[in-house]
Amino acid sequence: MPLAPSFPATLITRDGVRIDAAHTPPGGGGGDLGIVLAHGFTGSLRERTTRRIAHVLSAFGGVVALDFRGHGRSGGESTVGDLEIHDLDAAVRHARAVGYTRVVTVGFSMGGAVALRHAGLLKGVDGVVAVSAPARWHYRGTRPMRQVHWAIERPAGRLAARLGKGTRISHKPWHPVPPAPYEAAAHIAPAPLLVVHGDADAFFPLDHAHQIHDSARDPKELWVEPGYGHAETAATPALIRRIGRWAAMV
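Residues numbered from 1 in each chain as written. Predicted model: local features only at pLDDT ≥ 70, side-chain atom pairs only at ≥ 80, totals over all residues. Heavy atoms only, no water.

Trainee: I'm lost on the overall build of the protein in this one. Help?
Mentor: In terms of regular secondary structure, the protein is built from nine helices and eight strands. Scaling as 2.2 N^0.38, a compact globule of 250 residues should have a C-alpha radius of gyration of about 18 Å, and the protein matches this with 16 Å. Out of the 250 residues in the protein, the part that is buried amounts to 56%. Taking the contacts inside the protein whose residues are at least 6 apart along the sequence as the reference set, 73% of them involve residues at least 24 apart. For the protein, the exposed surface amounts to about 10600 Å²; the carbon and sulfur share of it is 58%. Taking the average place of the 28 positive charges on the side chains of the protein and the average place of its 21 negative ones, the gap between the two points comes to 5 Å. (Helix = DSSP H or I, 4+ residues; strand = E, 2+ residues; numbered from the N terminus. Rg over C-alpha atoms; globule rule 2.2 N^0.38 Å. Buried < 20%, exposed > 50% of the residue type's maximum accessible area, 1.4 Å probe, protein only. Contact = heavy atoms within 4.5 Å. Areas by Shrake-Rupley, 256 points an atom, 1.4 Å probe, with all protein chains shown as cover. Lys, Arg positive; Asp, Glu negative; His and termini not counted. Charge placed at Lys NZ, Arg CZ, Asp CG, Glu CD.)

This is the structure we're talking about:
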């Protein structure tokens, strides 16, 4: 099945970073729902998994996908979930400018953390979906996350991420440490929140999903998906359609 056509856009964040984005109109034409799609660490809107997710979601509303700073064709350097809230905010504002009156953010892994923090700190959305998101910073309890921290914290790791994935990571430590995703989740209401997590996630165990959900106020939902791994690569079309239906009901 061919992927839905998308239209490129260049956005500028409030702190002056150029962000590469693409708008996929709703498949049925018209519609007032805009879905802003936020990829995970080292991901991109141009990766086939992200494009397929955008295609499936476009059956429920228009989709604005973006490359976070330091990723893909966007400028700047990745701050791994801190300043990326400004990138997501630029995409939300673009969705509003295109004409969508309802905007729901759907973020995977790091993108889920950014979606939580954006909605809790900056507001401006009508719903949030966080898929495979970490609840807290500096988690090293799994081997994949120890590898991620090596890529972030070590010069050799940052070089490997740049050469292997095209991801440019800032060498500057956070100062101050930004509020964690679970802390931001407490301030998302009255916008509804959907937390989606797999019981086979190799990066973040289920306690991350429960910590986010428990910290949030109603309206909120938690979907624990049997056999689901991590983020975009493990997401089936059936799960994405369920998320799309949830977003359409917001």
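Trainee: Whenever I open this one, the pattern of salt bridges confuses me. Can you help?
Mentor: Should the charged atoms of two oppositely charged side chains come close, the side chains can pair. Counted under the stated rule, the structure contains twelve salt bridges. For Arg69, the salt bridge goes to Asp87, with nearest N and O atoms at 2.7 Å. Taken together, the residues span a long stretch of sequence, with Arg69 in the loop between strand S4 (62-66) and helix H2 (84-98) and Asp87 in helix H2 at a distance of 18 residues. Of the two residues, Arg69 and Asp87, both sit in the buried class. For Arg242, the salt bridge goes to Glu225, with nearest N and O atoms at 2.9 Å. Taken together, the residues Arg242 in helix H9 (residues 237-248) and Glu225 in strand S8 (residues 220-225) connect sequence positions 17 residues apart. Counted as one network, the salt bridges with shared partners bring together Arg14, Asp89 and Arg93. (Salt bridge = Lys/Arg side-chain N within 4 Å of Asp/Glu carboxyl O.)

Trainee: What is the right way to look at the environment of Gly244 in this model?
Mentor: Positionally, Gly244 belongs in helix H9. The class of Gly244 is buried, set by a relative accessible area of 0%. In contact with Gly244, other than residues within four places in its own chain, are Leu57 and Phe60.

Trainee: What should I look at first to understand the side chain of Ser170 in this one?
Mentor: Looking at the element boundaries, Ser170 is found in the loop between helix H5 (155-165) and helix H6 (181-185). For Ser170, a relative accessible area of 14% corresponds to the buried category.

Trainee: Mind showing me how you'd approach the nonpolar core here?
Mentor: It is characteristic of soluble globular proteins that their nonpolar side chains tend to be buried jointly. Within the largest apolar cluster, 45 residues are counted, with the highest numbers of intra-cluster contacts made by Val36, Leu66, Leu88, Leu116, Ile188, Leu193 and Ile212. With six residues, the top contributor of residues to this core is H2. Ignoring sequence-local partners within four residues, the contact set of Leu193 consists of Leu116, Val128, Ile188, Ile212, Ala216, Pro219, Lys220, Glu221 and Trp246. One finds Leu57, Val104, Leu194 and Ile243 within the second-largest nonpolar core, a separate group that totals 27 residues. (Core = buried A, V, L, I, M, F, W, Y, C linked by side-chain atoms within 4.5 Å.)

Trainee: How do you make sense of helix H3 (residues 110-121) when you look at a structure like this?
Mentor: The terminal C-alpha atoms of H3, which comprises twelve residues, lie 16 Å apart, in line with the 16 Å expected from a rise of 1.5 Å per residue. The buried count for H3 comes to eleven of twelve residues, which makes it a mostly enclosed element. Of all the residues in H3, the buried ones are Met110, Gly111, Gly112, Ala113, Val114, Ala115, Leu116, Arg117, His118, Ala119 and Gly120. Backbone geometry just after H3 places Lys123 at a positive phi near 65°. (Expected span 1.5 Å × (residues − 1).)

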